[in-house]
Amino acid sequence: WFRNKQGEFIAAFQNYATVDDFSAKLDDCLRQWLARRGYLSQGLVWDRLRGSPFPGLSAFEADRGRVFFGRDLAIAQAVNRLREAGADPKRLPFLLVIGPSGSGKSSLLRAGLMPRLTLPGAIPEIDLWRTAIAAPGPDPFASLAESLFADKALGAELRQGAFRTKEILAKQLTGDVDIAIAPLREALDKAAQSRKEHAKYESVRPARLALAIDQAERLFVEADADVAKAFVRLVAELVRRRLAYLVFTLRSDAYARFQASEDLVALREAGETFDLVPPTSAELEEIVTRPVAACQPPLAFEQQGGSSLSAQLVADAKGGDALPLLQMTLSRLYAAEAARGDGVLRFTDYRGMDAAVTETANEALGTLNDAAKAELP
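Please read all numbers here as calculations on a predicted model, not as lab measurements. (Residues numbered from 1 in each chain as written. Predicted model: local features only at pLDDT ≥ 70, side-chain atom pairs only at ≥ 80, totals over all residues. Heavy atoms only, no water.)

(A) Examining the overall build of the protein more closely. The secondary structure content of the protein amounts to 16 helices and 11 strands. Counting every position in the protein, which comprises 377 residues, the buried fraction comes to 44%. Long-range contacts, defined here as pairs at least 24 residues apart, represent 70% of the contacts in the protein between residues at least 6 apart. Accessible surface, the protein: about 19,700 Å² in total, of which carbon and sulfur atoms supply 52%. (Helix = DSSP H or I, 4+ residues; strand = E, 2+ residues; numbered from the N terminus. Buried < 20%, exposed > 50% of the residue type's maximum accessible area, 1.4 Å probe, protein only. Contact = heavy atoms within 4.5 Å. Areas by Shrake-Rupley, 256 points an atom, 1.4 Å probe, with all protein chains shown as cover.)

(B) Local environment of the environment of Gln-304. If you trace the backbone, Gln-304 turns up in strand β9 (residues 303–304). A residue is classified by how much of its surface remains accessible, and Gln-304, at 44% relative accessible area, is partly exposed. Taking the C-alpha atoms as reference points, Gln-304 and Phe-347, separated by 43 residues in sequence, lie 8.2 Å from one another.

(C) Quick look at the pattern of salt bridges. The tally for this structure, following the rule as stated, stands at 21 salt bridges. A salt bridge links Arg-48 to Glu-337; the shortest N-O distance between them is 2.4 Å. Of this pair, Arg-48 sits in the loop between β1 (46–47) and α2 (72–87) while Glu-337 is found in helix α14 (residues 322–340), placing the two residues 289 residues apart along the sequence. This pair shows no difference in class: Arg-48 is buried, exactly as Glu-337 is. Two residues, Asp-151 and Arg-159, come together in a salt bridge whose shortest N-O distance is 3.3 Å. What makes Asp-151 exposed here is its relative accessible area of 66%. Beyond isolated ion pairs, a larger network of salt bridges with shared partners links Asp-178, Glu-237, Arg-240, Arg-241 and Asp-263. (Salt bridge = Lys/Arg side-chain N within 4 Å of Asp/Glu carboxyl O.)

(D) How the structure looks around the side chain of Ser-308. As for its placement among the helices and strands, Ser-308 is situated in strand β10 (residues 307–308). When near neighbours in sequence (up to four residues on either side) are disregarded, Ser-308 contacts Phe-301, Glu-302, Gln-303 and Phe-347.

(E) Just the packing of helix α4 (residues 140–148) against helix α9 (residues 225–240), in detail. Interaxial distance between α4 and α9 falls to 9 Å at its minimum, and their mutual angle equals 35 degrees. Contacts from Pro-140, Phe-141 and Leu-144 of α4 reach α9 at Val-227, Ala-230, Phe-231, Leu-234 and Val-235. Residues that form the contact of α4 with α9 fall into these classes: eight nonpolar, no polar and no charged. (Axes fitted to C-alpha atoms, helices over the stretch in contact; angles between N-to-C directions. Nonpolar A, V, L, I, M, F, W, Y, C, P; charged D, E, K, R; others polar.)

(F) Seen up close, the packing of α2 against helix α3 (residues 105–117). Remark: α2 packs on α3, axes separated minimally by 9 Å, with the N-to-C direction vectors making an angle of 50 degrees. Between α2 and α3, the crossing angle belongs to the class labelled oblique. Every pair of crossing elements has a handedness; the one defined by α2 and α3 is right-handed. Two secondary-structure elements touch here, α2 through Asp-72, Ala-74, Ile-75, Ala-76, Ala-78, Val-79 and Leu-82 and α3 through Leu-108, Gly-112, Leu-113, Arg-116 and Leu-117. Its residues assigned to classes, the contact of α2 with α3 shows nine nonpolar, one polar and two charged. (Parallel < 35°, antiparallel > 145°, perpendicular 65-115°, else oblique. Left-handed = near helix turned anticlockwise from the far one by under 90°.)

(G) Structural detail: the sheet that holds strand β6 (residues 272–275). The strand order across the open sheet formed by five strands is β3-β4-β5-β2-β6, and the pairing between neighbours is parallel. One side of each edge strand has no neighbouring strand; the edge strands of this open sheet are β3 (128–134) and β6. Sheet twist, expressed as the average angle between the axes of neighbouring strands with direction ignored, equals 15 degrees. Inspection of the sheet shows β3 paired to strand β4 (residues 207–213) by seven bridges, in the parallel sense. (Pairing = 2+ DSSP bridges.)

(H) Spatial organisation of the pairing of strand β5 (residues 244–251). Among the eight residues of β5, seven are classified as buried, and the element is accordingly described as predominantly covered. For strand β2 (residues 94–99) and β5, the ladder comprises six bridges, and the chain directions are parallel. Within β5, the position partnered with Gly-99 by the bridge is Arg-251. The pairing of β4 with β5 spans five bridges and is parallel. Looking at the pairing, Leu-209 lines up with Ala-244 of β5.

(I) Expanded view of the nonpolar core. Judged by nonpolar contacts, the single largest core of 53 residues is most densely connected at Leu-148, Leu-173, Leu-211, Leu-246 and Phe-248. Setting aside its immediate chain neighbours within four residues, Phe-248 contacts Phe-94, Leu-95, Leu-96, Val-97, Ile-213, Ala-216, Val-235, Phe-258 and Leu-264. (Core = buried A, V, L, I, M, F, W, Y, C linked by side-chain atoms within 4.5 Å.)

(J) Structural view of the packing of aromatic side chains. Per the stated rule, a full pass over the model turns up seven aromatic pairs. With centroids separated by 5.2 Å and ring planes inclined at 55 degrees, the aromatic side chains of Phe-60 and Phe-68 adopt a geometry described as tilted. On the basis of relative accessibility, which here comes to 6%, the residue Phe-60 falls in the buried class. Take Phe-68: its relative accessible area is 10%, and that puts it in the buried class. Aromatic ring contacts, followed pair by pair, group Phe-94, Phe-248, Tyr-255 and Phe-258 into a single cluster. (Phe/Tyr/Trp six-rings, centres within 6.5 Å; stacked < 30°, edge-to-face > 60°.)

(K) Molecular detail of helix α7 (residues 177–199). The first and last C-alpha atoms of α7 sit 33 Å apart over 23 residues, in line with the 33 Å expected at 1.5 Å per residue. Buried positions along α7 lie against β3, α4, α5 (155–160), α6 (166–173), β4 and α9. The residue sitting at the N-terminus of α7 and contributing the capping side-chain oxygen is Asp-176; that oxygen lies 3.0 Å from the backbone nitrogen of Asp-178. One or two positions beyond α7, positive phi appears at Lys-200, with a value near 60 degrees. (Expected span 1.5 Å × (residues − 1). Polar contact = N/O pair within 3.5 Å; in protein donor to acceptor, adjacent residues only side chain to side chain.)

(L) Quick look at unusual backbone geometry. With an omega of -5 degrees, the peptide bond between Gln-296 and Pro-297 qualifies as cis. When you line up the elements, Pro-297 lands in the loop between β7 (295–296) and β8 (300–301). At Gln-215, a residue that is not glycine, the phi angle is positive and equals roughly 50 degrees. By secondary structure assignment, the location of Gln-215 is in the loop between β4 and α8 (217–222).

Following this line, the structure appears as structure tokens:
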């Protein structure tokens, strides 16, 4: 199949070490095969006039979903588990995404899982989704109310009712659970009714809240214990009454605190858990190369001595907490290219991922005045 009688290669082959590697390589090869035959568009994916495709130390958001690569398998598995939990009347639509610091949980949630979950038909039983992502701090109810007032959530419907500001809604959410949930149920009913009229349905179809609590470990550290308990009780009740599909992202070192909550343990037992592990070598290659390949005007990695800068980055990025360092490095390489405007990410701008951290920190320090610097440890 691969060699002629003289031992020369007549076909290509790919090495893989795990089933996940095989899946990623098969997906990539199929995409290339389809693209060469005109079945997939090879047109504009990321317009560089919008800025860098790399978010640096920030998480990927939905607006960068088109350049969020390397996590297709994890996204599909997570959505499938949540779908199965929600479809079973004896279970609950809850998913705990757990992983070490720096494993990319927030990016997976914001740029992958939530957009995929709310695609039409992803959950066949749900006709309309409203999405809210909250990162709890000292006042988790205020954070939740703010996320619910977003346009993609229930903002339009809530502003039509009695709770016209996020401050009023936050106060309502802290009260009795039945009373707290009432405005959210009413807002979902309004959204479903509006959908019926707009789509000219014969009857109202289900509308649900796709709710995510990102960096949930902050709930146990920054909020008062009683406030955190009341907040958990509220979101758990939204799930029990099947008004919301709920996703929690949690650092693995905070799992013991999670276990101390009876409501959260009950949700996990009736729902699903997804362990997010560091990306494989094949996934790292996608994370590095595909956003660059998607750019217009074109962008490329420098080749030197038969080796690409992308291969060097992949080799240096192996490790449990390497993703933030990798994104910071890619962001700095992009900024260096943008200053030159030659369309090439160059070896001379790469001095190692540790150097990227040091340089970024020094630049941040340079923006502080003397008084602020004096307060630093």
